[in-house]
Amino acid sequence: MPTAFPGGLGYTPEPRCCAEQFSFFPQNTLEQCNVCSKPIMERILRATGKAYHPHCFTCVMCHRSLDGIPFTVDASGLIHCIEDFHKKFAPRCSVCKEPIMPAPGQEETVRIVALDRDFHVHCYRCEDCGGLLSEGDNQGCYPLDGHILCKTCNSARIRVLTAKASTDLELTCLYSHDG
């Protein structure tokens, strides 16, 4: 029955829907959760172009709810919390074998690459003396035969190699004149 307004215009009130009435709707008219495939009766969380129950939208590794939390998606379309994504996909330090990832609360980190190997800043050290190559007097890498070295240790190795080469050359000359 129309309800009258001043001026004679009327409207017919639409029946209101409440949570208890959802059971009267056919199940196929409700959106289904991408994870559990059950109908979403209350709040819908939309992410990656799909619908989820808020409690079903979780990290594939730690299973923590990502409702309202930053997340990322890998190449396979799997959803990760940022921390687990870094743990799984970050380059690994060639010294300590740990992932090179931002410190808690940070979004970026520094990765040093030398001789096609990855290093944390604090792991980037001379293989001979252990001196830190990223700061101080020994700053910089002077590689030799696939080894990460500081300038001093590189020079020392070159002196040893040069002395050995000179000795080998002298011995070769001696043996060639004996014949």
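Please refer to the structure placed before this passage.
Analysis parameters
Residues numbered from 1 in each chain as written. Predicted model: local features only at pLDDT ≥ 70, side-chain atom pairs only at ≥ 80, totals over all residues. Heavy atoms only, no water. Helix = DSSP H or I, 4+ residues; strand = E, 2+ residues; numbered from the N terminus. Buried < 20%, exposed > 50% of the residue type's maximum accessible area, 1.4 Å probe, protein only. Contact = heavy atoms within 4.5 Å. Salt bridge = Lys/Arg side-chain N within 4 Å of Asp/Glu carboxyl O. Lys, Arg positive; Asp, Glu negative; His and termini not counted. Core = buried A, V, L, I, M, F, W, Y, C linked by side-chain atoms within 4.5 Å.

Chemist: Would you take a moment to explain the environment of C93 for this structure?
Modeler: Structurally, the position occupied by C93 is in the loop between α1 (82-89) and β7 (112-114). We classify C93 as buried; its relative accessible area is 1%. The spacing of C93 and H120 is 27 residues in sequence and 6.0 Å in space, taken between C-alpha atoms. Residues in contact with C93, not counting those within four places in the same chain, are E98, I100, D118, F119, H120 and C123.

Chemist: Please clarify how the pattern of salt bridges should be interpreted in this entry.
Modeler: Evaluation of the coordinates by the stated rule reveals 6 salt bridges. A salt bridge links K87 to E83, with the nearest nitrogen and oxygen atoms 3.2 Å apart. Here E83 and K87 lie together in helix α1, a separation of 4 residues that amounts to about one turn. Residue R111 pairs with D118 through a salt bridge whose shortest N-O separation is 2.9 Å. Since its relative accessible area comes to 44%, R111 is described here as partly exposed. Under the relative-accessibility criterion, D118 is labelled buried at 18%.

Chemist: Explanation requested: the side chain of D84 in the structure shown.
Modeler: Tracing the chain through its elements places D84 in helix α1. This buried residue, D84, is left without a salt bridge; K87 holds the nearest opposite charge, at 4.0 Å. Sequence-distant contacts of D84, defined by excluding residues within four places in its chain, comprise C59, M61 and C62.

Chemist: Help me understand unusual backbone geometry, please; the structure alone is not making it clear to me.
Modeler: Negative phi characterises most residues that are not glycine, and trans characterises most peptide bonds. Unlike most non-glycine residues, T48 shows phi in positive territory, near 50 degrees. As for its position among the elements, T48 is in the loop between β3 (45-47) and β4 (50-52). With a relative accessible area of 38%, T48 lands in the partly exposed category.

Chemist: Would you mind going over the nonpolar core with me for this structure?
Modeler: The biggest cluster of nonpolar side chains holds 12 residues, and these are C33, I40, L45, A47, A51, Y52, C56, F57, C59, L66, I79 and C81. Sorting the residues of this core by element identifies β3, β4 and β6 (79-81) as the ones contributing at least two each. The contact partners of L66, leaving out residues within four places of it in the chain, are F57, T58, C59, F71, I79, H80 and C81. I112, A114, L144 and L149 belong to the second largest nonpolar core, which has 11 residues in total.

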